[in-house]
Amino acid sequence: MARKPIIAGNWKMNNTLAETRTLVEGLIPLVKDAKCDVVICTPYTDLALAVELTRGTNIHVGAENVHWAEKGAFTGEISAKMLVELGVEYVIIGHSERRQYFGETDETVNKRVKAALAAGLKPIICVGETLDEREAGKVEEVLVRQTKAAFDGIDKEELDNIVIAYEPVWAIGTGKTATAQVADETIAIIRNTMAELYCPKCAENRVRIQYGGSMNPKNAAELMAMPQIDGGLIGGASLKAEDFSKVVNY
Ligand code: 13P
């Protein structure tokens, strides 16, 4: 069974409602014949509009985070049930910006993954090393730790509903892309970890792993040609319909 490629945009903290309308309306015709799964992950405030605009198209909508509790006294947080009610299908969990600026830990990533799955959302779980960790030769150690923690207690049956995004922190928003070779080798570490956690066949057939970090129209084809890379998580280049569509149609 071949792994179907999946290209997702991570808008981060960008786009008002008016900008969302322009971007999504521009994007729809440009990606309608895409051979991969297409996802746009938007700020909470844009989700309802994004769902409405993409209804009946091949574009799926995701959020950029989710809280693990069902409800309660968590000021400023959003539950999985609230996202599902809007028609949201995917959710990014454990993005390095959340880990770096907002105290996200391996443990909270795992709690969010469990809550998302329980509600029927598809998590896009981000893992990746910092520059210091890479230079200290700790890439494997970090990725194995992050992956094992994220999947702690997650059933094999859920693998089809989960996407992993390998995002080297040093390549995010820096214009520095991991070479296709480095991205491929590093993703192999994650796939091997999944083989160990579940089974080699599961890791080979059912675990989709994206690359993220300055992926753009120029480098998408080369990255997507690598055997381990099943898609992309796109930041900056997802904010322009034309650029994002070129990545989608790599
Ligand atoms: P850039 O594509 O802007 O480097 O961002 C990558 C990213 O963080 C996607 O989640």
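Below, the structure is looked at part by part. None of these values were measured; they are calculated from a predicted model. All residue numbers refer to position in the chain's written sequence, counted from 1. Restriction of local features to residues with pLDDT of at least 70 applies here, the model being predicted, together with a cutoff of 80 or more for giving and counting side-chain atom pairs; totals for whole chains, interfaces and linings are based on all residues. The basis for every side-chain value is the complete set of heavy atoms in the structure, and neither hydrogens nor water enter the calculation.

### Topic: the nonpolar core
Inclusion rule: In this description, a nonpolar core means a group of buried Ala, Val, Leu, Ile, Met, Phe, Trp, Tyr and Cys residues linked to one another through side-chain atoms lying within 4.5 Å. Note on exposure labels: buried denotes an accessible area under 20% of the residue type's maximum, exposed denotes more than 50%, and partly exposed covers the range between, all computed with a 1.4 Å probe on protein chains only. A run of H or I in DSSP becomes a helix once it reaches four residues, and a run of E becomes a strand once it reaches two; helices and strands are each numbered from the N terminus. Residues are treated as being in contact if the distance between any of their heavy atoms lies within 4.5 Å.
With 70 residues, the main nonpolar core has Ile 40, Phe 151 and Tyr 211 as its most contacted residues. Ranked by residue count, the leading element in this core is helix 8 (residues 180-197), at seven residues. Non-local contacts of Tyr 211, meaning those with residues more than four positions away in its chain, are made with Tyr 166, Pro 168, Ala 171, Thr 177, Ala 178, Ala 183, Ile 187, Leu 223, Ile 229, Gly 231, Gly 232 and Leu 233. Residues Cys 41, Ile 124, Cys 126 and Leu 233 belong to the second largest nonpolar core, which totals 11 residues.

### Some thoughts on the packing of aromatic side chains
To keep it simple, the criterion reads: Only centres within 6.5 Å qualify two rings of Phe, Tyr or Trp (six-membered ring in Trp) as a pair; their planes then separate them into stacked at under 30 degrees, edge-to-face at over 60, and tilted for everything else.
Enumeration over the complete set of coordinates arrives at three aromatic pairs. For the pair Tyr 101 and Phe 102, a centre-to-centre distance of 6.3 Å together with 90° between the ring planes defines the contact as edge-to-face. Each ring, one from Phe 151 and one from Tyr 198, has its centre 6.1 Å from the other, and the planes form 80°; the classification is edge-to-face. Linking Phe 151 in the loop between helix 7 (139-150) and strand 6 (163-166) with Tyr 198 in the loop between helix 8 and helix 9 (200-205), this pair joins segments that are 47 residues apart in sequence. Looking at Phe 151, the relative accessible area reads 5%, which means it is buried.

### Regarding helix 11 (residues 241-248)
Convention followed: Arc, as used here, means the arc of the directions from the helix axis to the C-beta atoms.
Within helix 11, burial applies to Ala 241, Phe 244, Ser 245, Val 247 and Val 248. All buried residues of helix 11 project into a common sector of 155° when viewed along the axis, lining one side. Structurally, helix 11 contributes buried residues whose contacts are with strand 1 (6-10), helix 1 (17-31), strand 2 (37-41), helix 10 (220-224) and strand 8 (231-234).

### Re the sheet that holds strand 7 (residues 208-212)
Our working definition: Pairing between strands is defined by DSSP: at least two bridges between the two strands are required. In this analysis an axis means a line fitted to C-alpha atoms, helices contributing only their contacting stretch, and an angle means the value between N-to-C directions, from 0 to 180 degrees.
On the basis of which strands lie adjacent, the closed barrel formed by eight strands has the order 1-2-3-4-5-6-7-8 and parallel pairing. Pairs of neighbouring strands in the sheet enclose a mean axial angle of 25°, with direction left out of account. Alignment of strand 3 (residues 59-63) against strand 4 (residues 90-93), held across two bridges, turns out to be parallel. Opposite Gly 62, over in strand 4, you have Tyr 90 as the bridge partner.

### Some details on the packing of helix 1 against helix 11
Going by this rule: Angles below 35 degrees are treated as roughly parallel, those above 145 as roughly antiparallel, those between 65 and 115 as roughly perpendicular, and all remaining angles as oblique. Should the near helix be turned anticlockwise from the far one by less than a right angle, the crossing is left-handed, and should it be turned clockwise, the crossing is right-handed. Classification used: nonpolar for Ala, Val, Leu, Ile, Met, Phe, Trp, Tyr, Cys and Pro, charged for Asp, Glu, Lys and Arg, polar for all others including Gly.
Between helix 1 and helix 11, the least distance of the axes is 9 Å, while the angle of their chain directions is 30°. What the angle tells us is that helix 1 and helix 11 run roughly parallel. You can see that helix 1 and helix 11 cross each other, and the crossing is right-handed. Packed against helix 1, whose contacting residues are Leu 23, Gly 26, Leu 27, Leu 30 and Val 31, the element helix 11 presents Ala 241, Glu 242, Phe 244, Ser 245 and Val 248 at the interface. Here the contact of helix 1 with helix 11 is composed, by residue class, of seven nonpolar, two polar and one charged.

### A short note on the state of the cysteines
Put simply, the test is: Here, a disulfide means two cysteine sulfur atoms that sit within 2.5 Å of each other.
Counted by the stated rule, this structure contains one disulfide. Free cysteine Cys 41: the closest other cysteine sulfur is in Cys 126, separated by 8.9 Å. Judged by its relative accessible area of 1%, Cys 126 is buried.

### Some thoughts on the pattern of salt bridges
To keep things clear, this is the line we draw: When a carboxyl oxygen of Asp or Glu lies within 4 Å of a side-chain nitrogen of Lys or Arg, that pair is called a salt bridge.
Counted by the stated rule, this structure contains 15 salt bridges. As a salt-bridge pair, Asp 33 and Lys 32 come within 3.3 Å of each other at their nearest N and O atoms. We note that Asp 33, like Lys 32, is exposed.

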